[in-house]
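Observations on the three-dimensional arrangement
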Amino acid sequence: MTNQTKNSMLLMLCALIWGTAFVAQSAGSGMGAFSFLAGRSWMAVLVLLPTVKAFDALHHRQGRPDGKPKTAAERKLLLKAGLMCGTLLFLASAAQQLGITLDPSTAKAGFLTAMYVVLVPVFGLFLGRKGSAQLWVSMAIAVVGLYLLCLAGRDTLSLTGGEWQLLLCAFLFTAQILLVNHFSPKLDGIQMSFAQFFVVAVLSTVFMFVFETPTLAQLRGAAVSIAYCGIMSSGVAFTLQIVAQRDLDPTIASLAMCLESVFSALAGWLILGETLSATELCGCALMFGAIVASQLPEKKRA
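One structure accompanies this document, and this report is about it. (Residues numbered from 1 in each chain as written. Predicted model: local features only at pLDDT ≥ 70, side-chain atom pairs only at ≥ 80, totals over all residues. Heavy atoms only, no water.)

1. Remarks on the overall build of the chain
Per the secondary structure count, the chain includes 12 helices and zero strands. Mapped from its N terminus to its C terminus, the chain presents α and β elements in the order α-α-α-α-α-α-α-α-α-α-α-α. A globule of 302 residues ought to have a C-alpha radius of gyration of about 19 Å, and the chain, at 19 Å, matches this closely. Seen through its C-alpha atoms, the chain measures out along the principal axes to roughly 65 × 60 × 40 Å. Looking at the chain residue by residue over its 302 residues, the buried ones come to 47%. By sequence separation, contacts in the chain at least 24 residues apart represent 87% of the contacts at least 6 residues apart. A total of about 14,900 Å² of accessible surface is found on the chain, and carbon and sulfur atoms cover 69% of it. Side-chain charges of the chain comprise 20 positive and 14 negative groups, with the mean position of each set lying 11 Å from the other. (Helix = DSSP H or I, 4+ residues; strand = E, 2+ residues; numbered from the N terminus. Rg over C-alpha atoms; globule rule 2.2 N^0.38 Å. Buried < 20%, exposed > 50% of the residue type's maximum accessible area, 1.4 Å probe, protein only. Contact = heavy atoms within 4.5 Å. Areas by Shrake-Rupley, 256 points an atom, 1.4 Å probe, with all protein chains shown as cover. Lys, Arg positive; Asp, Glu negative; His and termini not counted. Charge placed at Lys NZ, Arg CZ, Asp CG, Glu CD.)

Structure representation (structure tokens):
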């Protein structure tokens, strides 16, 4: 088995974990969104802490410097990146969990969240990056898919509260990804991600105590969901993504991770017994097609 094949399979496993995490989030919607987010974020911090140490130890054995900031300027930059990226990650994750609480369809949650794959290059236009006809076609297909998934057959052309939250989540993830893209060349990826999750854990804990009244009964009821999202989705899948993307073509990597939305729909059907109408399935297919098309490399003109 070649490294390309092995790494592609690892990223498909990441997509599977992230897709099935929507089921866990739906199952944990019985407790407050901030309480659930605080639980999974602190779990992620506990998982990522030994991961950071393990990667530092590996670098030492290989004779390479670890990812810890060495100067005051680097520490300040890591703190700035952690606060800014972590705050956006908190807002996106909170919007996602609130959306799942209001509209528990894992298929909708997966596909609406995955809209960030199309939105990232669109937002990149405002940062001076070049656009293309392929990008605008992908965006148009995604809008049609969104209509079929969420609006077709309704009396009014308005999204529900949960759908608005999930769409807001996609926009916030877009902003977070672009911000990470700005800081990542200057910092160690694992250190920055740990800082992000720590900020999310702190902010969600503050919001939990301000806006919610979590109970031990709620925590016990959602313990499995919190553990799965914290350990598998944030800890294991995050580490696999770092390992798999090292020597893999970026286009193959992005296409493999696009499967997250498909796995979320399949998991909702197999585990929760959710069903989609033919129109909604067509919407899912169009949105998935737009996501894949936005990631395909353009043919170069002769």
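Anyway, onward from the coordinates.
2. Concerning the environment of Ile17
In this structure, Ile17 sits in helix 1 (residues 3–27). With relative accessibility at 5%, the residue Ile17 sits in the buried group. Residues Ile17 and Tyr228 lie 211 residues apart in sequence; the distance between their C-alpha atoms is 9.1 Å. Not counting residues within four places of it along the chain, the set of residues in contact with Ile17 comprises Tyr228, Met232, Ser233, Val236 and Ala237.

3. Here we look at the environment of Ala21
Secondary-structure assignment places Ala21 in helix 1. For Ala21, a relative accessible area of 1% gives the class buried. A sequence separation of 246 residues divides Ala21 from Ala267, and the C-alpha atoms of the two residues are 9.0 Å apart. Those residues in contact with Ala21 that lie beyond four places of it in its chain are Tyr228, Cys229 and Ser233.

4. Considerations on the nonpolar core
Counting 30 residues, the largest nonpolar core has Phe111, Leu112, Met115, Leu149, Cys150, Met287 and Ile291 as the members making the most contacts within it. Mapped by element, the contributors of at least two residues to this core are helix 4 (106–113), helix 5 (116–124), helix 6 (133–150), helix 7 (161–183), helix 11 (250–271) and helix 12 (278–295). At six residues, helix 6 tops the list of elements feeding residues into this core. What Cys150 contacts, discounting residues up to four positions off in sequence, is Leu112, Leu159 and Glu163. If you look at the next biggest cluster of nonpolar residues, it comprises 23 residues, including Leu78, Ala94, Val180 and Leu187. (Core = buried A, V, L, I, M, F, W, Y, C linked by side-chain atoms within 4.5 Å.)

5. A word on a nonpolar patch on the surface
Nonpolar side chains collect at one region of the surface, where Trp42, Phe198, Val202, Val206, Val210 and Phe211 lie side by side and expose about 570 Å² of accessible area between them. The element that contributes the greatest number of residues to the nonpolar patch is helix 8 (residues 189–211), accounting for five residues. (Patch = residues over 30% accessible without salt bridge, like charges linked within 9 Å, V, L, I, M, F, W, Y side chains within 5 Å. Salt bridge = Lys/Arg side-chain N within 4 Å of Asp/Glu carboxyl O.)

6. Thoughts on the packing of aromatic side chains
Inspection of the entire model under this criterion finds eight aromatic pairs. Summarising the aromatic geometry, the rings of Phe90 and Phe207 are spaced 5.0 Å apart at their centres and angled 55° between planes, so their arrangement reads as tilted. Separated by 117 residues along the polypeptide, Phe90 in helix 3 (residues 72–102) and Phe207 in helix 8 bring together distant segments of the chain. The exposure class of Phe90 is buried, given its relative accessible area of 3%. The class for Phe207 is partly exposed, based on a relative accessible area of 28%. Pairing Phe207 with Phe211 gives two aromatic rings, centres 5.6 Å apart and planes at 35°, and the pair type is tilted. Taken together, the residues Phe207 and Phe211, both in helix 8 and four residues apart, mark about one turn of the helix. (Phe/Tyr/Trp six-rings, centres within 6.5 Å; stacked < 30°, edge-to-face > 60°.)

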